[in-house]
Amino acid sequence: MKILGYTESYNDESKFSDTNNGYYLVSIKWSVLNDEYITFIRKSAIAYCYNLDWAGPKSKFELEQYVKKEETIIVHHSLIQPFLIKCCVEKKDCFMLPNTDEVRKVIGFKNTDLQLVI
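Residues numbered from 1 in each chain as written. Predicted model: local features only at pLDDT ≥ 70, side-chain atom pairs only at ≥ 80, totals over all residues. Heavy atoms only, no water.

### Some points on the overall build of the protein chain
Line of reasoning, step 1. Secondary structure assignment for the protein chain yields 4 helices and 7 strands.
Line of reasoning, step 2. In the protein chain, the succession of α and β elements from N to C terminus is β-β-β-β-α-α-β-α-β-β-α.
Line of reasoning, step 3. Residue burial in the protein chain is summarised as follows: out of 118 residues, 41% are buried.
Line of reasoning, step 4. Taking the contacts inside the protein chain whose residues are at least 6 apart along the sequence as the reference set, 65% of them involve residues at least 24 apart.
Line of reasoning, step 5. Here the protein chain displays about 7200 Å² of accessible surface, and carbon together with sulfur accounts for 52% of that area. (Helix = DSSP H or I, 4+ residues; strand = E, 2+ residues; numbered from the N terminus. Buried < 20%, exposed > 50% of the residue type's maximum accessible area, 1.4 Å probe, protein only. Contact = heavy atoms within 4.5 Å. Areas by Shrake-Rupley, 256 points an atom, 1.4 Å probe, with all protein chains shown as cover.)

### What about the pattern of salt bridges?
Line of reasoning, step 1. For the coordinates displayed, the defined rule picks out 3 salt bridges.
Line of reasoning, step 2. A salt bridge links Lys58 to Glu62; its shortest N-O distance comes to 3.8 Å. (Salt bridge = Lys/Arg side-chain N within 4 Å of Asp/Glu carboxyl O.)

### With respect to the nonpolar core
Line of reasoning, step 1. Core analysis: the largest hydrophobic core is formed by 18 residues, its most contacted members being Phe40, Ile80, Leu97 and Ile107.
Line of reasoning, step 2. Of all the elements in the fold, those that place two or more residues in this core are β2 (23–27), α1 (52–55), β5 (72–76) and α4 (101–107). (Core = buried A, V, L, I, M, F, W, Y, C linked by side-chain atoms within 4.5 Å.)

### Remarks on the packing of aromatic side chains
Line of reasoning, step 1. Inspection of the entire model under this criterion finds 3 aromatic pairs.
Line of reasoning, step 2. On the numbers, 5.7 Å between centres and 55° between planes, the contact of Trp30 with Tyr48 is tilted. Here the residue Trp30 occupies a position in the loop between β2 and β3 (40–41), and Tyr48 occupies one in strand β4 (residues 48–49), the gap between them amounting to 18 residues.
Line of reasoning, step 3. On the accessibility criterion, Trp30 (39% relative accessible area) is partly exposed.
Line of reasoning, step 4. With relative accessibility at 42%, the residue Tyr48 sits in the partly exposed group.
Line of reasoning, step 5. Between Tyr37 and Tyr50, the ring centres sit 5.9 Å apart and the planes meet at 55°, which makes this aromatic pair tilted. Placement of Tyr37 in the loop between β2 and β3 and of Tyr50 in the loop between β4 and α1 is noted, with a sequence separation of 13 residues between them. Neither residue differs from the other here; Tyr37 and Tyr50 are each classed as buried. (Phe/Tyr/Trp six-rings, centres within 6.5 Å; stacked < 30°, edge-to-face > 60°.)

### Quick notes on the pairing of strand β6 (residues 85–89)
Line of reasoning, step 1. A large share of β6 lies buried, amounting to 4 of its 5 residues.
Line of reasoning, step 2. In terms of strand pairing, β6 meets strand β7 (residues 92–96) through 5 bridges, oriented antiparallel. Paired with Cys88 across the strands is Asp93, a residue of β7.
Line of reasoning, step 3. Linking β6 back to β7 in an antiparallel pair, the connection comprises 2 residues, with Glu90 at a positive phi of about 50°. (Pairing = 2+ DSSP bridges.)

### Description of unusual backbone geometry
Line of reasoning, step 1. Residue Pro57 follows Gly56 across a cis peptide bond; omega there is 10°.
Line of reasoning, step 2. Locating Pro57 in the fold gives a position in the loop between α1 and α2 (60–64).

### Examining the confidence of the model for the protein chain
Any segment with low pLDDT has predicted coordinates that should not be analysed in fine detail.
Line of reasoning, step 1. In this model, the protein chain carries a mean pLDDT of 79, and residues with pLDDT of at least 70 account for 76%.
Line of reasoning, step 2. Strand β1 (residues 7–9) is the least confidently modelled element of the protein chain, averaging 44 in pLDDT, while helix α3 (residues 77–80) averages 95, the highest of any element.
Line of reasoning, step 3. Note that residues 1–19 has pLDDT below 50 and, in this model, 41 contacts with residues that lie over four places away or in other chains. (pLDDT = per-residue confidence, 0-100.)

Here it is, written out as structure tokens:
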């Protein structure tokens, strides 16, 4: 999925003052090695997304019921915050996590966990 619009690195702590103690559920199964962004599981756990706001934050307790071994990882906001990118999609700001080697290492992915889509 290509995101049209602008992107920039985003480290403004004030935007995340309410989310600093929150967690997100990352999908190993649906994060693809050559996608631009890491795939999150939405708050309701019924779909997938790149947009951090759609993914949470939630408490660790709330997310533990959705964890599937080998398919998901719970990550704390403070772990991913330095890497977040502010994007403008359809005239709305959103925040996404770039799919880079450094980010994958920080959140606990192994490149062998992820599939490559051609």
